[in-house]
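Coordinate inspection notes
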Amino acid sequence: MDVKDFDYELPEELIAQDPLEDRSASRLMVLDRETGEVQHRIFKDITEYLRPGDCLVINDTKVIPARLFGVKKDTGAKIEILLLKRRENDIWETLVRPGKKAKPGTVIEFGEGLLTGTVVDTVDDGNRLIQFHYTGIFEEILDQLGQMPLPPYITHQLKDKNRYQTVYARHEGSAAAPTAGLHFTQELLAEIEGMGVKIAHVTLHVGLGTFRPVKVENVQDHHMHSEFYIVEESEAKKVNDTRAAGGRVICVGTTSCRTVESASTEEGVLKAGTGWTEIFIYPGYRFKVLDALITNFHLPQSTLVMLVSALAGREHILDAYREAVKKGYRFFSFGDAMFIAAHPAAEKR
């Protein structure tokens, strides 16, 4: 399976640079994963495609302002750091630019010494382990000094940090937002719950793999970076009860999808617990828990295009993406949304 099989033409002007003022005013493409037929709606119309007895699975991870700009203590040379994974003893795995200036022993200052970091080791892919030193609470210092780690295709500065968070974000730890969830407002979620739809929370801290391109020709040769997930007992029960009663499990975003598929048995029973997942979903994968997916439009040749192709078929996805380009949909993190389900029919209310 060639990575080029998941390519499509995208005009640069369709890459959304800013979030809409109203989160739920994004456009929504509804895709029948069986037939490939599409409908064009507004995101708040998602309620018409949900049914009592369904379960919506959301990822409640919270993005930390993980991008830090500092200087080498001895030379004053500028260094940019992206926090990836928290280790113990205030040590983080980080991506450093330029890496050649960050050899073990290098001391980096941030915020005129409010925070300092010492490079202690180099790990896979050239990432650095940095031990931080500070007075006070690390998260508060990070909130003061850090910037949201927006994807490289977003060139605008974000005016409000909260617009790169879902309204239900609560567990800090991500280097990127689970962007399909950005379309939901508190009011829309309350309306959905009022319809008799369960909402199950899972947590998957999104890591660098979100930004990492597939560099191999053969899809099967690609290796995903590991990401940490949490599934609480009460939330697993909501999903399992839904399946037992014949309802649909609808994941909000590829991160929620990867969490439930990682944490379930082959028979489709979601297990409570914590762990690290490197699951890579591409065509040929058999979904164990997920029935339908709410997602954004993803980068050409990306693992996320491969995931949605596993659900709806590569031809259906690429046809839908071409239609989205033709209709001027907004793409990627701050862009429009897609609902992928088998025979989605709007309910009359």
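For the structure itself, consult the block above.
Okay, so let's go over this structure. (Residues numbered from 1 in each chain as written. Predicted model: local features only at pLDDT ≥ 70, side-chain atom pairs only at ≥ 80, totals over all residues. Heavy atoms only, no water.)

Within the protein, the secondary structure is distributed over six helices and 17 strands. In terms of overall dimensions, the protein is globule-like: its C-alpha atoms have a radius of gyration of 21 Å, near the 20 Å expected for 349 residues. Its C-alpha atoms put the protein at 65 × 45 × 40 Å along the principal axes. Across the 349 residues in the protein, those meeting the buried criterion constitute 52%. Considering only intrachain contacts with a sequence separation of at least 6, the fraction spanning at least 24 residues in the protein is 71%. Accessible area of the protein: about 15700 Å², with a carbon and sulfur share of 47%. Across the protein, 42 positive and 51 negative side-chain charges occur, with their mean positions spaced 2 Å apart. (Helix = DSSP H or I, 4+ residues; strand = E, 2+ residues; numbered from the N terminus. Rg over C-alpha atoms; globule rule 2.2 N^0.38 Å. Buried < 20%, exposed > 50% of the residue type's maximum accessible area, 1.4 Å probe, protein only. Contact = heavy atoms within 4.5 Å. Areas by Shrake-Rupley, 256 points an atom, 1.4 Å probe, with all protein chains shown as cover. Lys, Arg positive; Asp, Glu negative; His and termini not counted. Charge placed at Lys NZ, Arg CZ, Asp CG, Glu CD.)

We now examine the pattern of salt bridges. Throughout the structure, instances matching the rule amount to 17 salt bridges. One salt bridge connects Glu 235 with Lys 238, and the closest N-O pair in it is separated by 3.1 Å. Taken together, the positions of Glu 235 and Lys 238, both in helix 3 (residues 233-244) and three residues apart, correspond to about one turn of that helix. On the accessibility criterion, Glu 235 (9% relative accessible area) is buried. (Salt bridge = Lys/Arg side-chain N within 4 Å of Asp/Glu carboxyl O.)

This part takes up empty space enclosed by the protein. If you walk through the whole model with that rule in mind, you get three cavities of 30 Å³ or more. A volume near 100 Å³ is recorded for the largest cavity. Each residue belonging to the lining of the largest cavity can be placed in one class, and the counts come to four nonpolar, four polar and four charged. (1 Å grid on protein atoms, 1.4 Å probe; cavity = no way out; pocket = protein on both sides within 12 Å on 5 of 7 lines; lining within 4 Å. Points joined across faces, edges and corners; volume = space filled by probe spheres on them. Nonpolar A, V, L, I, M, F, W, Y, C, P; charged D, E, K, R; others polar.)

Our focus in this paragraph is the side chain of Asp 32. With respect to the helices, strands and loops of the structure, Asp 32 is situated in strand 1 (residues 27-32). For Asp 32, which is buried and forms no salt bridge, the nearest opposite charge comes from Arg 33, at a distance of 7.0 Å. At 3.3 Å, the side chain of Asp 32 forms a polar contact with the side chain of Thr 35. When neighbours within four sequence positions are excluded, Asp 32 is seen to be in contact with Glu 37, His 316, Ala 341, Ala 342, His 343 and Pro 344. (Polar contact = N/O pair within 3.5 Å; in protein donor to acceptor, adjacent residues only side chain to side chain.)

This brings us to the state of the cysteines. Within this structure, the stated rule accounts for zero disulfides. Cysteine Cys 251 remains unbridged, with the sulfur of Cys 257 as its closest cysteine sulfur at 5.4 Å. On the basis of relative accessibility, which here comes to 0%, the residue Cys 257 falls in the buried class. (Disulfide = S-S within 2.5 Å.)

Relative to strand 2 (residues 38-42), strand 1 is paired through five bridges, and the arrangement is antiparallel. Opposite Met 29, over in strand 2, you have His 40 as the bridge partner. Two successive antiparallel strands, strand 1 and strand 2, enclose a turn made up of five residues, where Gly 36 displays a positive phi of approximately 85 degrees. (Pairing = 2+ DSSP bridges.)

Taken in spatial order, the six strands line up as 5-6-7-10-9-8 and close into a barrel, and their pairing is antiparallel. Between one strand axis and the next, the sheet turns through 45 degrees on average, direction left out of account. When strand 5 (residues 67-72) meets strand 8 (residues 107-110), the two strands line up antiparallel, connected through three bridges. Residue pairing for strand 8: Lys 72 is matched across the bridge by Ile 108. (Axes fitted to C-alpha atoms, helices over the stretch in contact; angles between N-to-C directions.)

The full count for this structure, using the stated rule, is 18 aromatic pairs. Following the ring pairs from residue to residue traces out a cluster consisting of Tyr 8, Tyr 153, Phe 297, Tyr 321, Tyr 329, Phe 331 and Phe 332. (Phe/Tyr/Trp six-rings, centres within 6.5 Å; stacked < 30°, edge-to-face > 60°.)

The nonpolar side chains of a soluble globular protein tend to be buried, and buried together. Membership of the largest hydrophobic core comes to 64 residues, with the highest contact counts inside it found for Val 57, Tyr 164, Tyr 321, Phe 331 and Met 338. With residues near it in sequence (within four places) discarded, Tyr 164 still touches Val 63, Met 148, Pro 149, Leu 150, Pro 151, Leu 158, Ala 176, Ala 177, Thr 179, Leu 182 and Phe 334. (Core = buried A, V, L, I, M, F, W, Y, C linked by side-chain atoms within 4.5 Å.)

The space that makes up the second largest pocket amounts to roughly 390 Å³. Lys 62, Ile 64, Trp 92, Glu 172 and Gly 173 are the residues nearest the centre of the second largest pocket, which is lined by 25 residues in total. Broken down by secondary-structure element, the contributors of at least two residues to the lining of the second largest pocket are strand 4 (61-63), strand 6 (78-86), helix 1 (138-145), strand 11 (171-174) and strand 13 (227-231). The element contributing the most residues to the lining of the second largest pocket is helix 1, with four residues. For the lining of the second largest pocket, the residue count by class is eleven nonpolar, six polar and eight charged. The residue makeup of the lining of the second largest pocket includes at least three contributed by each of domain 1 (1-61 + 158-339) and domain 2 (65-145). (Domains from an automatic or database assignment.)

Through backbone hydrogen bonds, the strands of a sheet pair up, either in parallel or in antiparallel fashion. Taken together, the nine strands give an open sheet; going across it, the order is 2-1-17-16-14-3-12-13-15, and neighbouring strands pair in mixed fashion. Each having just a single partner strand, strand 2 and strand 15 (273-277) make up the two edges of the open sheet. On average, each strand axis in the sheet is tilted by 25 degrees relative to the strand beside it, whichever way the strands run. Bridge analysis of strand 3 (residues 55-59) against strand 14 (residues 249-252) gives three bridges, and the strand direction is parallel. Residue pairing across strands places Val 57 opposite Cys 251, the latter belonging to strand 14. On the sheet, helix 4 (residues 254-262) packs against strand 3, strand 12 (198-204), strand 13, strand 14, strand 15 and strand 16 (292-296) and is oriented at approximately 85 degrees with respect to strand 12.

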